[in-house]
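Chain by chain, the residues run as shown.
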Amino acid sequence: MSDRLFVFDTTLRDGEQVPGCQLNTIEKIQVAKALEQLGVDVIEAGFPISSPGDFNSVIEISKAVTWPTVCALTRAVQKDIDVAVEALQFAKHKRIHTGIGTSDSHIRYKFNSTREEIIERAVAAVKYAKRFVEDVEFYAEDAGRTENEYLARVVEAVIKAGATVVNIPDTTGYCLPDEFGGKIRYLMEHVDHIDKAVISTHCHNDLGMATANTLEGVLNGARQVEVTINGIGERAGNTSLEEIAMILKCHKGINIDTNINTTKIYPTSRMVSSLMNMPVQPNKAIVGRNAFAHSSGIHQDGVLKNVQTYEIMDPKDVGIDDNSIVLTARSGRAALKHRLHVNGVDLSEEKLDKVYEKFLELADQKKEVNDGDVLMLAGADTADQHAVRLDFLQVTTGKGVKSVASIGLDISGQKFEAASSGNGPVDAAIKALKKIIMKQMTLKEFTIQAISKGSDDVGKVHMQVEYDGQMYYGFGANTDIVTASVEAYIDCINKFKKV
């Protein structure tokens, strides 16, 4: 009989900490419901004391999902735990995730404390949380750099205090796979009553070893993995849910099963990518657009003869329809609706009509509309509700010609126009924009990325603009990269506290 591995998804907590990827409560509920359909066991819904938004999201997610455990993060502080208890009041199955740093670096520099005091604080936090919920998870932050003998003392103490799950995070992504696996094995062999708790992994990808470390943890006795969709998360990200799920599915000899419905992986990946405006890199394992693509003649020949020569997974196993409907200007609403559904997006008929109009405009410019285009269009109709909207943009540019831009904006129903020259078409367009929006704004980051490939493709632009001491993140997408850049800048402006 196979061992059971519990999947703890932290897309909505650790994943959402990525700058520019914040979701509103409605979007978080949408992701939470998708995670429930995907089959995750635990949804870490947020860090309730960190903000009113996180607090409210934990409440609403608790109401929205039925069978997964809803988890709230806290520090080893009574006030944090009190707020988490209040946020989890509607959860059918609830867990408090509390903890403290255990590495000498954290103990000395972060807490100005001692090893013994840290154990006392850890035990006190677990006992306090246990007053309110039966399911208490303890995290030993920076366990990856914590000396094994001391870590075992901490783990033994919190299990004795009532922890049902103990999380061993490689917080900085520093460990080598055999080192992390050895750490889990050491705990399994040296902690009394370790069978009374589930040991969990939470690995970061700073050195590109998150998945390898997680797998080694599982092979050495961990039975919960903390993961995110697309591997998003702090800095270089977390362990990818899809990678661990498919490793176990492909390697039957490991004999460890999850509850993940792998056919939901791809649509969930696309939904998260779209809602967070965070493109998936083309060569990303499992869900990247090239994951099942073959360009080499030798590879193509092999696949045509027998797909298993170069594919270890069936695309359908992860929810990719390799016989997808091709979208062109002649495609109808039904085809568009189907493609959106495959990508995890279901729209009302009214919204579908709006998206279809934009789809036809795009399809007239492109030979074929791909999944990235469709997801971009599905989110584009929200721009109609913005206070500041782009009416028109005309740019003159070329070699030996000074770039000049004319722009028209609609600001809450009023029309404004301006023109400016600049060092290139984007610079000229943004300078013209600033003549209308007369605020002290500074462009801090400007990233352009093609959704797929080809000269007629939609380009995505991500911008970071500083205004009034705060950073705002904007996104734009268009077949014209100058227009996409202006739309990204306008997206930032619409997020300012006061326009």
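Conventions and cut-offs
Residue numbers restart at each chain and count upward from 1, following the sequence in its written direction. Thresholds applied to this predicted model are a pLDDT of at least 70 for local features of residues and 80 or more for the giving and counting of side-chain atom pairs; totals over whole chains, interfaces and linings are not thresholded and use all residues. Calculated side-chain values reflect all of the structure's heavy atoms, with hydrogen atoms and water omitted. Two strands form a pair only when DSSP identifies at least two bridges running between them. Helical segments are the DSSP runs of H or I of at least four residues, strand segments are the runs of E of at least two, and each set is numbered from the N terminus. A fitted line through C-alpha atoms serves as each axis, taken over the contacting stretch for helices, and the angle formed by two N-to-C directions is quoted from 0 to 180°. What we call a nonpolar core is a set of buried Ala, Val, Leu, Ile, Met, Phe, Trp, Tyr and Cys residues that are connected through their side-chain atoms within 4.5 Å. Between buried and exposed lies partly exposed: a residue is buried under 20% and exposed over 50% of the maximum accessible area for its type, with that area taken using a 1.4 Å probe on protein chains only. Whether two residues are in contact is decided by their heavy atoms: any pair within 4.5 Å suffices. Any pair of N or O atoms that falls within 3.5 Å is considered a polar contact. Within protein, one atom must be able to donate a hydrogen and the other to accept it, and sequence-neighbouring residues count only if both atoms are side-chain atoms.

S.K.: Please clarify how the sheet that holds strand 11 (residues 388-398) should be interpreted in this entry.
M.R.: Sheet strands pair by backbone hydrogen bonding; their relative direction is either parallel or antiparallel. Spatial strand order, 11-12-13: three strands in an open sheet with antiparallel pairing. Each end of this open sheet is capped by a strand with a single partner; those strands are strand 11 and strand 13 (414-422). Pairs of neighbouring strands in the sheet enclose a mean axial angle of 10°, with direction left out of account. Bridging between strand 11 and strand 12 (residues 401-411) involves nine bridges; their strand directions are antiparallel.

S.K.: Explanation requested: the nonpolar core in the structure shown.
M.R.: Most often, soluble globular proteins keep nonpolar side chains buried together rather than apart. The biggest cluster of nonpolar side chains holds 94 residues, and the ones touching the most others in it are Phe-138, Val-166 and Ile-168. Looking at this core, the element that brings in the most residues is helix 6 (residues 148-161), giving nine residues. Beyond its immediate sequence surroundings of up to four residues, Val-166 is in contact with Phe-138, Val-155, Val-158, Ile-159, Ala-197, Val-198, Ile-199 and Ser-200. Ranked by size, the runner-up nonpolar core spans 29 residues in total, among them Ala-418, Val-482, Ala-484 and Ala-488.

S.K.: I'm lost on the sheet that holds strand 9 (residues 224-227) in this one. Help?
M.R.: With parallel pairing, the eight strands of this closed barrel are ordered in space as 2-3-4-5-6-7-8-9. Each neighbouring strand pair of the sheet contributes to a mean axis angle of 25°, computed without reference to strand direction. As paired elements, strand 4 (residues 69-73) and strand 5 (residues 94-101) share four bridges and run parallel to each other. Paired with Val-70 across the bridge in strand 5 is Lys-94. Helix-sheet contacts for helix 8 (residues 210-219) involve strand 7 (165-170), strand 8 (198-203) and strand 9, and the interaxial angle to strand 8 is about 170°.

S.K.: Can you help me understand the side chain of Thr-98 in this one?
M.R.: Take Thr-98: it is sitting in strand 5. Look at Thr-98 and you get buried, because its relative accessible area is 0%. Separated by 2.9 Å, the side chains of Thr-98 and Thr-74 make a polar contact. The contacts of Thr-98, once residues within four sequence positions are left out, are Thr-74, Arg-75, Ala-76, Ile-81, Ala-125, Val-126, Val-136, Glu-137, Phe-138 and Tyr-139.

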